[in-house]
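Okay, here's what each chain looks like letter by letter:
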Amino acid sequence: SIKSLVTNFPSEANVIRLSIQLTSDLSGASLKMRVVAPSGFVFGSDCFPEHPNLEPATNLTVSAWVSACAHNTLSTNEAVLTIPDISTSGGLLSRGVTYATNLIVTNAGNFNS
């Protein structure tokens, strides 16, 4: 699900909240996930804000569930999230847990859907 956290004024960056739940545990594999911006918006080259506010929160024993977010150079209304293999640090992404992050989008002046 995607929820807007800030504003949709053209002159300001928009922070959206992406939340996902897995239908099965993910361990021992990395994953790339394609995300499409809401209609009329595009992702920048790095679509994480300064503080992405990850859930679950990271600490010394909990690794970040997502490590990168970059726009698709051929279609800037799409971004690719990199979900690393966190099993190397003893972790896994669990079924039924809500994983969330903030992403930045901006208004697309010449966006064609």
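Values in this document were obtained by computation on a predicted structure and should not be read as measured data.

A separate point is the sheet that holds strand E6 (residues 75-83). Remark on secondary structure: sheet strands pair via backbone hydrogen bonds, oriented parallel or antiparallel. With antiparallel pairing, 3 strands are arranged side by side in an open sheet as E3-E6-E5. Among the strands making up the open sheet, the edge pair consists of strand E3 (31-36) and strand E5 (68-72). Going across the sheet, the axis of each strand differs from the next one's by a mean of 25 degrees, ignoring polarity. Pairing between E5 and E6: 5 bridges, direction antiparallel. Each bridged residue has a counterpart across the sheet, and for Cys69 the counterpart in E6 is Leu81.

Time to look at the nonpolar core. Of all hydrophobic cores here, the largest spans 24 residues; its most connected members are Phe43, Trp65, Cys69, Leu81, Leu93 and Leu103. Of all elements in the fold, only strand E2 (14-21), E3, strand E4 (41-43), E6 and strand E7 (98-107) reach the threshold of two or more residues within this core. For Leu93, the contacting residues outside a window of four places in its chain are Leu22, Ser24, Asp25, Leu26, Trp65, Ile83, Ile86 and Tyr99.

This part is about the state of the cysteines. In the structure shown here, the tally under the stated rule is 1 disulfide. Cys47 shares a disulfide with Cys69; S-S distance 1.7 Å. Note on the Cys47 and Cys69 pair: the S-S dihedral is about -95 degrees, so by sign convention the disulfide is left-handed. Here Cys69 lies in strand E5 and Cys47 lies in the loop between E4 and E5, a separation of 22 residues in the sequence. Taken individually, Cys47 and Cys69 each receive the classification buried, so the pair is uniform in this respect.

Attention shifts here to the pattern of salt bridges. Under the counting rule described, the total for this entry stands at 2 salt bridges. Residues Arg17 and Glu55 are paired through a salt bridge, measuring 2.8 Å at the closest nitrogen-oxygen approach. In this pair, Arg17 sits in strand E2 while Glu55 sits in the loop between E4 and E5, placing the two residues 38 residues apart along the sequence. For Glu78, the salt bridge goes to Arg34, with nearest N and O atoms at 2.8 Å. Of this pair, Glu78 sits in strand E6 while Arg34 is found in strand E3, placing the two residues 44 residues apart along the sequence.

All right, on to the side chain of Arg17 then. Arg17 sits in the buried class, given a relative accessible area of 8%. Polar contacts involving the side chain of Arg17 include one to the side chain of Glu55, which spans 2.8 Å. A distance of 2.9 Å separates polar atoms of two side chains, one belonging to Arg17 and the other to Asn102.

Next up on the list: the confidence of the model for the protein. Per-residue pLDDT for the protein averages 80, and the proportion of residues at 70 or more is 79%. Mean pLDDT across the elements of the protein bottoms out in strand E1 (residues 2-4) (53) and peaks in E3 (91).

Analysis parameters
- Residues numbered from 1 in each chain as written.
- Predicted model: local features only at pLDDT ≥ 70, side-chain atom pairs only at ≥ 80, totals over all residues.
- Heavy atoms only, no water.
- Pairing = 2+ DSSP bridges.
- Helix = DSSP H or I, 4+ residues; strand = E, 2+ residues; numbered from the N terminus.
- Axes fitted to C-alpha atoms, helices over the stretch in contact; angles between N-to-C directions.
- Core = buried A, V, L, I, M, F, W, Y, C linked by side-chain atoms within 4.5 Å.
- Buried < 20%, exposed > 50% of the residue type's maximum accessible area, 1.4 Å probe, protein only.
- Contact = heavy atoms within 4.5 Å.
- Disulfide = S-S within 2.5 Å.
- Salt bridge = Lys/Arg side-chain N within 4 Å of Asp/Glu carboxyl O.
- Polar contact = N/O pair within 3.5 Å; in protein donor to acceptor, adjacent residues only side chain to side chain.
- pLDDT = per-residue confidence, 0-100.

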